[in-house]
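What follows is each chain in one-letter form.
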Amino acid sequence: MEFKICTVGELLVEFLAKESNQRFDQTGEFIGPYPSGAPAIFADQVAKLGFPVIFFSCVGKDSFGKMCINRLKKDGVIIDGITSHSMANTGSAFVSYQDHSDRDFIFNIPNSACGLLSFNHIDEKLLKDCTHLHVMGSSLYSFRAIDAMRKALDIIKNKGGTISFDPNLRKEMFNIQEMEQSFGYIMEYTDIFLPSENEVCYFAQNNDESEQQTMSTLLNNGIKHIVVKGGAKGANYYGLDEQKSLKMIHVDGFNVNPVDPTGAGDCFGATFVSLLLAGYPVETALQFANVSGALAVSKQGPMEGTSSLVEIKQFLSQHTTV
Amino acid sequence: MAKASSALLKRRLDIAKIVRQNGEVKVDELSDQLKVSHVTIRQDLTYLEQQGYLKRSFGGAIYISPEGQVHNSATINSSQTKGNSDIDLAKACLSYINDGDTIFLGHGFLTRKLIPFLHKKKSLRIIMNDLRNAQLVREFSDAEVILIGGVLCEGNIIKSCNDLISIRNNYAISHFIIELAAIDENNDLIIENSEQKETYQQILKNSKHTIGLLLERSLLTDNHSIGKLKHIDVTILSKAAVTEYHHQLLNCNFKQIAINKYCMTYHNLLGT
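Residues numbered from 1 in each chain as written. Chains lettered and ligands numbered in written order. Predicted model: local features only at pLDDT ≥ 70, side-chain atom pairs only at ≥ 80, totals over all residues. Heavy atoms only, no water.

Draft legend 1. Fine view of the overall build of chain A. What chain A contains, in helices and strands, is eight helices and 13 strands. A total of 322 residues make up chain A; the buried ones form 60% of that total. Of the contacts formed within chain A by residues at least 6 apart in sequence, a portion of 73% connects residues at least 24 apart. When the accessible surface of chain A is totalled, it reaches about 13,000 Å², and 47% of it is carbon and sulfur. (Helix = DSSP H or I, 4+ residues; strand = E, 2+ residues; numbered from the N terminus. Buried < 20%, exposed > 50% of the residue type's maximum accessible area, 1.4 Å probe, protein only. Contact = heavy atoms within 4.5 Å. Areas by Shrake-Rupley, 256 points an atom, 1.4 Å probe, with all protein chains shown as cover.)

Spelled out as structure tokens, the structure:
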């Protein structure tokens, strides 16, 4: 099936703390810069699979920005929607892993070049042949960014395109009111919803309802496919069959040595959405997405673990499901 | 799931869209259109003003590009740059206007952009030839508005008749602000609209100072000259126009005075 995906949002460089539990208020060693940003990782993974994807963002006219653009270009992402500004620097993030794979972030996004992303940067001409928009919750960091996202969303929806949404909730961004306000708005247009396990309760009507109940309600509200991402545990798919009754599929994940979990959810989402749009059966799309996530966590750096279809198939032939 | 607050965001996105499309909005109209109270709309407009999307007035708001405040134009596509330079050109005029001045504000798109900023000036008298612009002044300023052909009163009613001659005789115009389409090779000041040519020729002769605004060179087949470059005191050019006219202005004894992100100001050293 012919399709082209569009993503919009933050493009930044990331620095990883060398030690786990490394503190941000004490001098320590960091490794980086690594190209990063959830929608950028998503786009990179789509491109690696060999599908067309365009990414809209802003970087500074600095080496960080150049690095990010070159990297996406090399992997096959269409970079015509990325603007280089001379007045602001490329965004950055510092990450430190705590025990139990919890992470601590310091973001510099709203005040960086990607904070300047706005309505005028979404060029309608570049969206001409796009059929799908993927929305990252983390990209809805300001009214201006939401306004830009809405333009892309309107254009793609009006042409009969589809929308996928990954809430990608970050505790560091909870204080941005507009972000929370935009979730309900984006959900109304969402066809494919990709929350992670711990985000499910955020979208529940009542505190004590089960995952299944929550998903049932969302499907009845018009969402067509839901995948709850459980990392190594695998993923749960929810959809409605022809009789409008709930269809649930669980596909196990893979146990790999986790090196760096950042970006794994984005790779999972990108692989699932691409393959679903390409006409793969849901089970296969989920299985490949699980592999994509597993390959991502086994590499250091947020975007370093994106993989091609060949790599995914190779991994599958070497691993049996746990 | 859908938090109640998403209605608020949606409405504000809608208002941003409307003001971007229309250039201006009215509280009354938005309230009718979006079916919420005036108070709510005013709060929304205040929020959007804080976000840099518009400039508020008493009864509504006027669009400004949210880009303008943050970054420069060098790498952005031309349509945006234009939006930014419009506002900047208009704002550059402001420093020449003093409280109590009598201004002749020529018709046009650029001069219209200046109007929302006039609220900072007190006791202005503004003579105009563009009814739509005249109505806008009413919203942003307490200035006395004299329209060629009449006086604009409360409720936007035109009172009595003013022809050009009586205006010339009754008012001492301190500043004539005119939007130019081009300056030709003979240093003639070219405007786009032939109907206004004679009016502007007369005003140019009768006002103390003249400020010419030039966004970019327009290619015009008919050249409607209103006078010579040497007869104006100040020209404010967009960056796009600077490359065209810089040498021509220097040759006419103009000097570059001020530079900002989107425009440059030149003064006539010989005076008029």
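Structure shown, so let's carry the discussion forward.
Draft legend 2. Quick look at the packing of aromatic side chains. Scanning all chains against the criterion turns up 20 aromatic pairs over all chains. When the centroid spacing of 5.3 Å and the interplanar angle of 80° are considered together, the rings of A:F143 and B:Y47 count as edge-to-face. Separated into two different chains, A:F143 in helix α3 (residues 143–158) and B:Y47 in helix α3 (residues 38–50) make up a pair that spans both. The burial state of A:F143 is the same as that of B:Y47; both residues are buried. (Phe/Tyr/Trp six-rings, centres within 6.5 Å; stacked < 30°, edge-to-face > 60°.)

Draft legend 3. Quick look at the sheet that holds strand β13 (residues 246–251) of chain A. Residue and element names in this part refer to chain A. In space, the nine strands of this open sheet follow the order β5-β4-β1-β8-β9-β10-β11-β12-β13, with mixed pairing throughout. At either margin of the open sheet sits one strand with a lone partner, and together these are β5 (82–85) and β13. Packing against the sheet, helix α7 (residues 282–297) makes contact with β11 (225–229), β12 (235–240) and β13, and its axis sits at approximately 35° to β13. (Pairing = 2+ DSSP bridges. Axes fitted to C-alpha atoms, helices over the stretch in contact; angles between N-to-C directions.)

Draft legend 4. How the structure looks around the pattern of salt bridges. Residues and elements named next belong to chain B. Evaluation of the coordinates by the stated rule reveals 23 salt bridges over all chains. R11 serves as the salt-bridge partner of D44, at 2.6 Å between the closest nitrogen and oxygen. With D44 in helix α3 and R11 in helix α1 (residues 6–22), this pair connects stretches of sequence that are 33 residues apart. For the residue pair D44 and R11, the accessibility class agrees, reading buried in each case. A salt bridge links E24 to R112, with the shortest nitrogen-to-oxygen separation between them at 2.0 Å. (Salt bridge = Lys/Arg side-chain N within 4 Å of Asp/Glu carboxyl O.)

Draft legend 5. Summary view of the side chain of A:S307. Among the secondary structure elements, A:S307 is positioned in the loop between α7 and α8 (309–318). For A:S307, the contacting residues outside a window of four places in its chain are A:Q45, A:K48, A:L49, A:S292, A:L295 and A:I312.

Draft legend 6. The pairing of strand β8 (residues 132–136) of chain A, seen in detail. All names here are of chain A. Buried residues dominate β8, accounting for five of its five residues. The alternating pattern of β8 places H132, H134 and M136 on one face and L133 and V135 on the opposite face, and all of these are buried. Pairing geometry for β8 and strand β9 (residues 162–166), over five bridges, is parallel. Within β9, the position partnered with H132 by the bridge is T162.

Draft legend 7. Structural detail: the sheet that holds strand β2 (residues 12–17) of chain A. All names here are of chain A. In spatial order, the strands read β3-β2-β6-β7; together these four strands make up an open sheet with mixed pairing. The open sheet has two free edges, formed respectively by β3 (30–36) and β7 (103–108), since each of these has just one partner strand. Neighbouring strand axes in the sheet, compared pairwise and without regard to direction, differ in orientation by 20° on average. Alignment of strand β6 (residues 91–97) against β7, held across six bridges, turns out to be antiparallel. Each bridged residue has a counterpart across the sheet, and for F94 the counterpart in β7 is I106. Relative to β3, helix α2 (residues 63–75) is tilted by about 55°, and along the sheet it contacts β2 and β3.

Draft legend 8. Structural detail: the packing of helix α6 (residues 264–277) of chain A against α7(A). Residue and element names in this part refer to chain A. Between α6 and α7, whose axes approach to 8 Å, the crossing angle comes to 155°. Classified by the angle between their axes, α6 and α7 sit roughly antiparallel to one another. For α6 against α7, the interelement crossing comes out right-handed. Along its contact with α6, which presents A264, C267, F268, T271, F272, L275 and L276, the element α7 presents V282, A285, L286, F288, A289, N290, S292, G293, A296 and V297. Partitioned by chemical class, the residues of the contact of α6 with α7 number 13 nonpolar, four polar and no charged. (Parallel < 35°, antiparallel > 145°, perpendicular 65-115°, else oblique. Left-handed = near helix turned anticlockwise from the far one by under 90°. Nonpolar A, V, L, I, M, F, W, Y, C, P; charged D, E, K, R; others polar.)

Draft legend 9. Representation of unusual backbone geometry within the structure. The peptide bond linking A:G32 to A:P33 adopts the cis configuration, its omega dihedral lying at 0°. Locating A:P33 in the fold gives a position in strand β3.

Draft legend 10. Quick look at helix α2 (residues 27–34) of chain B. Residues and elements named next belong to chain B. For α2, every residue scored as buried is listed here: V27, L30 and S31. Along the long axis of α2, the arc covered by the buried residues comes to 100°, so they all point the same way. Within α2, the exposed residues directed more than 90 degrees away from the buried face are E29 and D32. Those residues of α2 that are buried lie in contact with α1, β1 (24–26), α3 and β3 (60–63). Count one or two residues on from α2 and you reach K35, which has phi positive near 55°. (Arc of directions from axis to C-beta.)

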